[in-house]
Amino acid sequence: EWNTDIEEELQKLKKKWFALKKSKIITRLDHLNDGKVMKFDSSTNITCLAPSHDDFQRYQEKVKFDAANNVDQARNASNLLSTILKLEINGYHFLLTSDAEKSALQGAHERDKDHFEGVKFHICQMAHHGSKVNHPVEFWHQITNFEIQNAVASAGMGYKHPSKDVLKDFYQRGYKVYCTNIVNGMKEFVNELEDAKNALDDFSELAEEYKIANDRAFVLDNGMVKLLV
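Everything quoted here is computed from the prediction, not taken from an experiment.

Enquirer: Pulling in residues and values, what's your account of the pattern of salt bridges?
Expert: The full count for this structure, using the stated rule, is nine salt bridges. Put simply, Glu9 and Lys12 hold a salt bridge, and the shortest N to O gap is 3.5 Å. Of this pair, Glu9 and Lys12 are both found in helix α1 (residues 4–22), three residues apart, which corresponds to roughly one turn of the helix. A relative accessible area of 48% places Glu9 in the partly exposed class. Between Asp34 and Arg111 there is a salt bridge; the shortest N-O distance is 3.5 Å. Separated by 77 residues along the polypeptide, Asp34 in the loop between α1 and β1 (37–41) and Arg111 in helix α4 (residues 102–111) bring together distant segments of the chain. Judged by its relative accessible area of 28%, Asp34 falls in the partly exposed class.

What follows is the structure in structure tokens.
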């Protein structure tokens, strides 16, 4: 279902951008695409890994090179334009995948392995709120050089995200798994952990982050993810 509130906010943002451009407060439009590096200061960099030229091309083919007159196709293909960002702050690395398609994730790795090899990501965002459709197993297999492995999904009640299968896949790879809400597949995943714990012993407890639900927030402290309560 298309969110009209988001569409209205995007239209407001577009109008604001035009006003700032006209007043010359914004003097240049710099496109965000694969390979673009933004350096904010000596300790903070953002590298854009997608969308790439290939992702744009696939999008244009889906919309028959006329998004304005093929609205439904444009809506269905919009995730092809999702960003994949590598964020570095004070030596910590984060992989932000937004709603990226499988092809975009795999393509980002194939285009420039230097963005991944030897990089120890402290937090990885599960693509598309932990959707199984957007979870390329082969991509995550190639990224195995983490010292501290954390995977995070941002999810609410709608669309049944995250997928329990995706959460289990990350968990079985040695990740600590987090979600902004304990809903849908995350709730099933926590219940399975609870059942497994009860089958093994009756004295240990699940970690606190698996018990607190509803719009949870996390911080990174010395490489470890901590729940804000």
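Enquirer: I'd like a rundown of the sheet that holds β1, residues and numbers included.
Expert: The pairing of strands in a sheet comes from backbone hydrogen bonds and takes either a parallel or an antiparallel form. On the basis of which strands lie adjacent, the open sheet formed by seven strands has the order β1-β2-β3-β4-β5-β6-β7 and mixed pairing. Looking at which strands have only one partner, the edges of the open sheet turn out to be β1 and β7 (176–179). When the angles between neighbouring strand axes are averaged without regard to direction, this sheet yields 15°. In the sheet, strand β2 (residues 44–50) pairs with strand β3 (residues 84–89) via six bridges, with the strands oriented antiparallel. Note on β3: the bridge partner recorded for Thr44 is Ile89.

Enquirer: Hey, could you go over the packing of aromatic side chains for me, with residue numbers and the actual values?
Expert: Tallying each qualifying case throughout the model produces seven aromatic pairs. Measuring from ring centre to ring centre gives 6.3 Å for Phe116 and Phe121, while their planes differ by 50°; the resulting arrangement is tilted. We classify Phe116 as buried; its relative accessible area is 2%. Overall, Phe121 belongs to the buried group, its relative accessible area being 1%.

Enquirer: How would you explain the pairing of β2 if you had to name every residue and give the values?
Expert: In terms of burial, β2 is a largely internal element, seven of the seven residues being buried. Linking two consecutive strands that pair antiparallel, namely β1 and β2, is a turn of two residues.

The rules behind these values
- Residues numbered from 1 in each chain as written.
- Predicted model: local features only at pLDDT ≥ 70, side-chain atom pairs only at ≥ 80, totals over all residues.
- Heavy atoms only, no water.
- Salt bridge = Lys/Arg side-chain N within 4 Å of Asp/Glu carboxyl O.
- Helix = DSSP H or I, 4+ residues; strand = E, 2+ residues; numbered from the N terminus.
- Buried < 20%, exposed > 50% of the residue type's maximum accessible area, 1.4 Å probe, protein only.
- Pairing = 2+ DSSP bridges.
- Axes fitted to C-alpha atoms, helices over the stretch in contact; angles between N-to-C directions.
- Phe/Tyr/Trp six-rings, centres within 6.5 Å; stacked < 30°, edge-to-face > 60°.

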